[in-house]
Structure formats: structure tokens, C-alpha cells
Amino acid sequence: MSALLDSAWTLLDTALRVYRDRPRTVALLHRYLDRLDGPLTVAVTGPPGSGRGTLVEALRHELPAGQPVLFQEAATEPDAELYLTPHLPGAVVDHVPHATIVVLSRADEVGGARVDGLGNARILARRYQRDPVVAPGCQAVVAVSGLVGLAGRTLTGSERAALATLAAQPRTDLDEHLLSADRFVAQRFPVPVDPAVRAALVDRLGMAGVRLAVTLVRTGSTGPDLSAQLVARSGLTDLCAAVEELFLRRSDVLRAAATLTGLRALVAADPHPEAVPLLAGLERAEASAHELRELRLYAALRSGRTVLPAHLSDEALRLTGATGTSVAQRLGTPDDTPRTHALALASEAVDRWRAEADDPDRPYPQRRAAQVVVRSCEGVLAATAGGRSGSGP
Amino acid sequence: MAHLWLDVFDEIIGACAARGRDDLVHRLDVRRTHLLSPALRVLVVGPPKHGKSQLVNAIVNAPACPVGDEPSTTVPGTVARDGLILVDSPPDAEPGLDDADTVLLVSDVRRDISPADLEFLARAVRTCPNLIVALTKIDLSPHWRQLARRSQQRLAEAGLPATVLPVSAELRLRTASGDDAALDEESGIAALVARLRADAAGKAHRLAPYAAAAVAASVVEALAAPLHELRTTYADRLQRVQRGVEDLRRQSVRWQTGLSDDIADLASDVEYDLRDRTRRIVRAVDEFFDTADPADVWDAFTPWLEENLRNAAEANFAWLVERSHWIAARIARNFAAYRAEALPPSTFWMPDDVFDTMSRLERPAFGQFTLPQRVFSGLRGSYGGLVMAGLLTSLAGMPLVNVVSVGAGAVFAGKTLRDEGGGRLQRRQALAKAAVQRHIEDFFLKFSKECRDVARQVHRALRDHFTALVDQLQDDLAQAARVAAQDHPDAAAAREHEALQALYRKVRAIAAEPASGIAA
């Protein structure tokens, strides 16, 4: 289990004791307790017209069922955030720290809704993600067309049939009828597909989606393959991967961090004479939240903002818990490794990474990354030496 | 008519130059040049990512504006083509309405026109009545007709005389490569360009006069600003002086009543104080003469009494003086706002002859207990004793006059003499007390009258002094009012005002004439 989560539980207990004489505060604290136990709350924010509703719908269809996650458009004190924007902002501020993904929404309309529009959008998003100005504000930037992704995943049989009929027409004949929505739903049409069906297709996929789908069918994608392709190109797959890796995998840490922030605000708003040790505990927990630093490092490495030499990058990710937070997972060994072996590996890792952190030839961002790894290794060492083999630092 | 506005413009430029307003001259010069030029200046506004830059490109048929997938147009680009000058406004800065012949709002057809944009149009129509709204991206939705109708309704509801034109820049840009007349038609750009060209053609006699009038009006208002400033300060000053006069009048009534009350209080307080002091002396005297023998101590007593009375009088008078000063100071404070030093010089002193006029304390007739009186009293007293004792002893067979009875008689005589002496003492003491009381009463009456007279003098002196002061202050204020009235914005300012009014009327005349030519 996560050390931050443990701190959160402990501090909530302390708070319940401190505020036992104030029923309203106690009720609030119980809400925090419930939330700490519950699914990850992800706020989906953005200006009107950015496609939030569609994206939430698409994510629900796309993520594996039973995932303990809740997407909300109006969430107070969320654990994480998806910030939708039709164009990329200069700097990202005022969002959930260490748990925000910027989504370049309506990616299908980038550059005029052309077929290659989605691809261009992906390139833009990747470039933007590496920008150091953006760095403190978000963990990843993904270009997504919620419309195309949702439609791709939920394509009906009749829609597939219509697309197949359209694709059967040679390009030279069809292309000029795909130039605008008016032309596509016009009465006079070279392909025997009902105007109502065609209008419905445009509403569901958008013009860019229709063009993309027809092209995909023409190049041989059918059935589930077509859906998968549409979803992938819409950027929805990338977004799900990002949500999985950045939010869900360390869900306990994010929930704990959000709870601590909320608890701190609660204590500030409702002072109590006995609350001094509680505040001290909160500060200690937040200052020593190494797991949050691990998250930030993971996001930086993943997005390409921080680059480590190839032979070090995978190991850094592993040691900081990207593939799992147990000692064995961090060290990359089987679960039943004897303790002595684990100790040796861990201390050797500490020494090696300390050398990296102190190496004056390395650029500063790499050294800072190495420091985070060192701290993780020390945690592993302490855990192994202390006899616990199944939990992280 | 086409040149009427030009004449007025030139006249106003001259007026600005004459007043040294080079900034306004420059502003009018620039506008004048632009208004005379046949090219139509179109200010292009709209929210980001609605296709503004792409539309500008499509209109001029060449990629002059950077269309990117990132937000661009941080520098206001100006594109000129075929008699049209398109000014693409940046997203953050306030677009310059001052220099536009036409305002073109670009908005995605699928989204409602934002309240901020509606507000901007409402402001724009005042200086630039030619409004066009281009609804873009009609190629992306088959429902654009209903959506465009809805936007048209919203504009009508807001009272904005804007023409709505649906367009697709994307379609137009595709035709640039090919030669597709149908596509061009569908893009709607041709209709937009035709409208802009028509506006350009009608600029000289339709748009220019109205736009000229708007700029000219705001310039004339700018010229008139200092004049307004002058008038308001004059009005303020006059009001202040008048208020001062009113305040002073109210003050006068107040202080006179205050003074009377204060003096009345003073008189009664001083009298009470004197009464208190004399009563204390009387009590002391009574106590003294309860034991002492006035016949013996009288000569020493009299100076003591005189001294105490004198002290009491001095203390009382000093208090009277102090109180009078306090009253005067209080009144002076009311006038502190007008004059710092308003106190009259102090003219109070205790008249030296107060005590001289009082009668001296007479020694009362104490009388004397002479020897023959004593013998007589003794004998008288002894009689009873002698007889009583003689009778008693005669029972024992002794004669009436014997040693015992004579002895008893002597004892009785002694007691009688003593009693008599005591009674005489008491009588003397009572006499002394009464005499002193009378004397003190006399003193009190005389001195308190003196004090009352002084209080009355104080009252009169203060009243006269402050009345004179008030008169003087009122004279000063009247003088100030006369001076302030003289500062009235003089004839020159009045003429200036007249001149600007005339200019303003001419400006209004320009705007009024092309009645139908403004909104298409």
C-alpha cells in the first residue's frame, strides 16, 4: 500500500478525534473517508463547446469495465483532471497538480477537417507536451476527437453497411461529394444510400470522421478492425493509455494527495485548539510525499520532457514504480527472491544512482531525475531491510 | 454632400490646431486620409478557432494570414486586395473601431454568437453602422441553415442591423487549386466579397459621412472637456463661499444664547461659592467661641477674622475671573475656523477698595463683672446657704449664724459667683458669635453684589467684542463672494463654448443627411 495513503487514513482518524465536538465537520470528514475508499474522481473541464459530454461518453465505452474511476463534468475537489481545450493554451495553471492531462479536443477539425487532420493534431500535441513552459502544469497532452472515437466504438451494423457501400464507389467519383456536408446529404447522390442515413452518418462521425471511415474501409479495414482503427486514430486509445498509466495505476496516491489537500483546507477554514498536531502531521505528510515526485518523474519521462540515456530510462521507470510498486516489481525480480539478494540489488542501485545524481557532466534535469530515483531506491532498501517484502516505501 | 463632411472635418482640424491639440489633429488627419481613399477598411473580429484567419485568406485568395493549428495572429495583420483592406484583429487587444468603415464578425455557424461579441457589435454600430456577420464552416454541418437562422434572430433581437452571410473558407480554398464554379458558389465567399465591394463603391456618399460624423463628434467633445472643467470649478467655489456665509449666520445666533446661559450659570455658581466659604468661617468662629472668652481674645481675634474674610473673597474672585476666561475661550473656539486669535484682552481684576467699603467689626459690649457686682452676687448667693445650714444647725441648738452656716454660706456664695461668671461668659460668647455673624453677613452681601456687577461687565464686554468680530467676518466673506463672482468664466470662455457648440451642430448635420444609406 502507499505510504501517502497510510498517512491520509491516519490523519483523517486524528481529525475525527479532534473535531468530535463539531457534527458538521465530522460529517465532512466522513465524506472524505468514503471518497478515500471509493473510485478515482476525474474532473472533465473545459469551455463550452469543447466536447466534454461526448468525451465522457467515449471514455465510458472505451475503458475496461469495472475500473474504479468516475468521470464528472462538475466535480469539486477532484483527484485528477482532464482539461479539454479546442486550442493549446500558453501555460497550464489552476488545475489539479501532478494529475492533469490536457486534451486537445475536437481534433478532427484541426486544419479544416481533412483526412490527415487527426494525424496533424497528434503531432502538435506531442510537440506541445515537451515544451518546458507547460511542464509544471500537466502530465500529458493528448489530441482527441471524442466524436470519432465514440462513433468508432459504437458503430452499428447499418452504419457499417452504408460505409461499405460508399467505399465501394471509386474515389474519383465520390470525393467531390465528400467536400461538404451539404453535398454529402444532397438528394442527388451517386451512391444508393438514403439521404437520411447519410445525414445520420455526418451527425455521428462528423465530416472528418466520414472521410476517414470511408478511406479505412477502402483500404481493407472491416468489422472490429474498422472500429479499432477509428478509435486509435481519434486519439482515444492514446488518451485511455494516458489515463491508465498516469491516473489509474497510482490511483491510491492521487486519492490520498487530494484528501490531504482537502483536509488541510478544512482545518484552515475551521480552526480548533487541538488541531495543532494535526496540522503538523499534514505538513509532514505533504513535504515527504515522495510518491508524488515519482509520479512527476514518470510523467516527465513519458512525455519526453526529461530524457535519460537509453540504458537508464527503463530502469528509472521501474525503480520509481511505473510497472508496480512492490519491492520485487521495482527491482525487476520475481516475487520469491531471497531477501539477501534483494538487499544486494537495492544497495547497488542506490550507489549507482547516487553516482548519476552527483555526476557534474549530466545536465541538471537528468540529475534531478536521478535524485528521485535515489530516494526511491533508499525506500526499497529500507523496506527490504525492515523485513517487509510486499509493500513499497 | 460628398464633401460636406470634408469641410467640417477641415474646420475641426483647424480648431484643434488652434488649441494646440496635436494629438487630435493627427487622429483626424489619419481618418481623413482613410475616408477619402476609395478602399474599404474592414475590421475583422471574432473568437479564436472560428476560422477568422482562414476566411481572410479565402477572401483575398492567397495565404497571407498564417493559418495554423495553433492560435496565431498575435500581431494585427493588414491585408490589402482589390480595394479592400482587411485588418485582422488580435484576440486579446481591443480592436480599433476608430478607423473602420465596416466591421466583419466571424463566427462558427454551429456555435451561438457569444454575448461578448454581441456587446462589441452594439458598441461598434455607434461609430461604424456597417455590420456584417460571416458564419463560417458551413461545410461541416448539414444543419447550417437552421443554425444561421437562429443567429439571425438573435441579432435582430439585440437590435443590431447586421447582415448575415454563411460561408465556408475551406471550400473556397479548395477551388483556388481547381476551377470549380459550383464549389465557389457553395462557399458563399463570392457573395461576401460582392457585398464588400458594393460597400466600397458606396463608401464616399454613404459610409464616409456617418463615420466622419462619429469621429468628429468625439473630437469636439474632447475639445470641450477643459471648458467643462473650468465651469465646474467656478460653480464649486461659488457654492463654497455661499455656504460659508450661511454657516457664519447660524453661528452668530448660537453663540449669543450660549453666552447668556454661561453668564447666568457663572453668577449663581460664584454666589454659592462665596456662601460656602463664609459659612465655613462662621462655623469655625462658633467652635472657637464655644470655649474661648471673647473679652480676653477679642483683640487677637479680629485680625484673624479679617484675614480669613479677605482670603475667601480673593479666592472667590479669582474663580470668577477664571470662569470668565473659560467662557470667552469657548466662544472664541466657535470662531476658530474663521479667525485663530479671537479672545479679547483680559480686563478683570478685583477692585482694591472692596474691603475698604466694608464696615469694621465692632467690639460688642461685653460688660464687666465689677467688684461691687461680685460682692452683691456673693451675698445674694450665700443667703440661701446660710439660712439652710443655720436652720439645720439650730436644730442642734446652735444659733442661726454660726461657723457651719457661715461656711455653707461661703460655699454657696462661691458657687453663685462661679455660676454667675459662667453665665456672663456664655452671654459674652453669644454676643460675640452674633456680632461676628452679622459682620460676615454684611460682608457677604456687599461682596456678592460686587461680583454680580463684575459678571454683568464680563457679559457686556464679551458680547460687544464678539459681535464686532462677527460683523468683521461677515464683511470679509461678502468681499470674498464679490471676488469669486468676478472670476466667472469670462467672455472669452463663453465665446469658446459658443464656437464648439456651432461645430457640434455642423457635425450632427453631416450625420443626419444620408438617412437611408447606412444599413444595407
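Definitions and limits used
Position labels on residues start from 1 in each chain and follow its written sequence. As a convention, the first chain written is A and the first ligand written is 1, with the rest following in written order. A pLDDT threshold of at least 70 governs which residues receive local features in this predicted model, and a stricter bar of 80 or more applies before side-chain atom pairs are shown or counted, although totals over entire chains, interfaces and linings include all residues. Side-chain metrics in this entry use all non-hydrogen atoms of the structure; hydrogen atoms and water are not considered. Contacts were defined at the residue level, with two residues in contact if any of their heavy atoms lie within 4.5 Å. Once two parts are brought into contact, the accessible area they lose, counted with a 1.4 Å probe and summed over both, makes up the buried area. For this document, the term salt bridge refers to a Lys or Arg side-chain nitrogen within 4 Å of an Asp or Glu carboxyl oxygen. In protein, a polar contact means a hydrogen-donor-capable atom and an acceptor-capable atom, both N or O and within 3.5 Å, with residues adjacent in sequence counting only if both atoms are side-chain atoms; elsewhere, any N or O pair within 3.5 Å suffices. Working definition: helices are DSSP H or I runs of at least four residues, strands are E runs of at least two. Numbering for both runs from the N terminus. The residue classification treats Ala, Val, Leu, Ile, Met, Phe, Trp, Tyr, Cys and Pro as nonpolar and Asp, Glu, Lys and Arg as charged. All others, Gly included, are polar. Under the scheme applied here, a residue whose accessible area is under 20% of the maximum for its type counts as buried, over 50% as exposed, and between as partly exposed, the area being computed with a 1.4 Å probe on protein chains only. Here the arc refers to the directions that run from the helix axis out to each C-beta atom. Angles run from 0 to 180 degrees between N-to-C directions of axes, and those axes are lines fitted to C-alpha atoms, restricted for helices to the stretch in contact. Every angle not falling under 35 degrees, over 145, or within 65 to 115 is termed oblique; those three ranges are roughly parallel, roughly antiparallel and roughly perpendicular. The crossing is said to be left-handed when, going from far helix to near helix, the turn is anticlockwise and less than a right angle, and right-handed when the turn is clockwise. Look down the strands so they point away from you; if the path from the first strand over the helix to the second goes clockwise, the crossover is right-handed. Any two strands are treated as partners once DSSP identifies two or more bridges connecting them.

## Observations regarding the interface of chain B and chain A
Interface size, as often reported, equals the accessible area lost upon joining of the parts.
Here is step 1 of the chain: Facing 22 residues of chain B, the contacting portion of chain A comprises 24 residues.
Here is step 2 of the chain: Here chain B packs against chain A, burying approximately 1,900 Å² in sum over the two surfaces, 51% of which is carbon and sulfur.
Here is step 3 of the chain: Between A:D182 and B:R145 there is a salt bridge whose closest N-O contact spans 3.2 Å.
Here is step 4 of the chain: Summed over the shared surface of chain B and chain A, the number is 7 residue pairs in polar contact (both at pLDDT 80 or more).
Here is step 5 of the chain: Among the secondary structure elements, those contributing two or more residues to the side of chain B that touches chain A are α5 (144-157), α6 (169-177) and α7 (181-187) of chain B.
Here is step 6 of the chain: Taken together, the residues of the side of chain B that touches chain A break down into 8 nonpolar, 2 polar and 12 charged.

## Observations concerning helix α3 (residues 52-62) of chain A
Here is step 1 of the chain: Looking at α3(A), one finds that the buried residues are A:L55, A:V56, A:A58, A:L59 and A:E62. Buried residues of α3(A) fall within an arc of 165 degrees about the axis and therefore sit on the same side.

## Thoughts on the environment of A:L163
Here is step 1 of the chain: With respect to the helices and strands, the residue A:L163 is situated in helix α6 (residues 157-168).
Here is step 2 of the chain: You can call A:L163 buried: its relative accessible area is 0%.

## Some words on the side chain of A:S326
Residues and elements named next belong to chain A.
Here is step 1 of the chain: If you trace the backbone, S326 turns up in the loop between α15 (310-319) and α16 (327-331).
Here is step 2 of the chain: Assessed through its relative accessible area of 13%, S326 is described here as buried.
Here is step 3 of the chain: There is a polar contact of 3.0 Å between the side chain of S326 and the side chain of Q329.

## What to know about the packing of helix α1 (residues 4-18) of chain B against helix α2 (residues 22-36) of chain B
Residue and element names in this part refer to chain B.
Here is step 1 of the chain: Where α1 meets α2, the axes come as close as 9 Å, and the angle between the chain directions of the two elements is 160 degrees. Relative to α2, the element α1 is oriented roughly antiparallel. Here α1 and α2 pass one another in a crossing that is left-handed. Here W5, L6, F9, D10, I12, I13, C16 and A17 of α1 lie close against α2, whose contacting residues are L24, V25, L28, D29, R31, R32, L35 and L36.
Here is step 2 of the chain: When its residues are assigned to classes, the contact of α1 with α2 shows 12 nonpolar, no polar and 4 charged.

## Structural notes on the pairing of strand β2 (residues 69-72) of chain A
Here is step 1 of the chain: The two faces of β2(A) differ: A:V69 and A:F71 on one face are buried, but A:L70 and A:Q72 on the other face are not.
Here is step 2 of the chain: Regarding the hand of the β-α-β motif, the stretch spanning strand β1 (residues 40-45) of chain A, α3(A) and β2(A) is right-handed.

## As for the sheet that holds strand β6 (residues 162-166) of chain B
Residue and element names in this part refer to chain B.
Here is step 1 of the chain: Here 6 strands make up an open sheet; going across it, the order is β2-β3-β1-β4-β5-β6 and the pairing mixed. The sheet is open, and its two borders are formed by β2 (77-81) and β6, each paired with just one other strand. Each neighbouring strand pair of the sheet contributes to a mean axis angle of 25 degrees, computed without reference to strand direction.
Here is step 2 of the chain: Where strand β4 (residues 102-108) and strand β5 (residues 131-136) come together, 6 bridges link them in parallel fashion. Among the inter-strand pairings, D108 is bridged to a residue of β5, identified as T136.
Here is step 3 of the chain: The sheet contacts of α5 involve β5 and β6, and relative to β6 the element is tilted by about 170 degrees.

Functional significance is not addressed by these values, which are geometric in nature.
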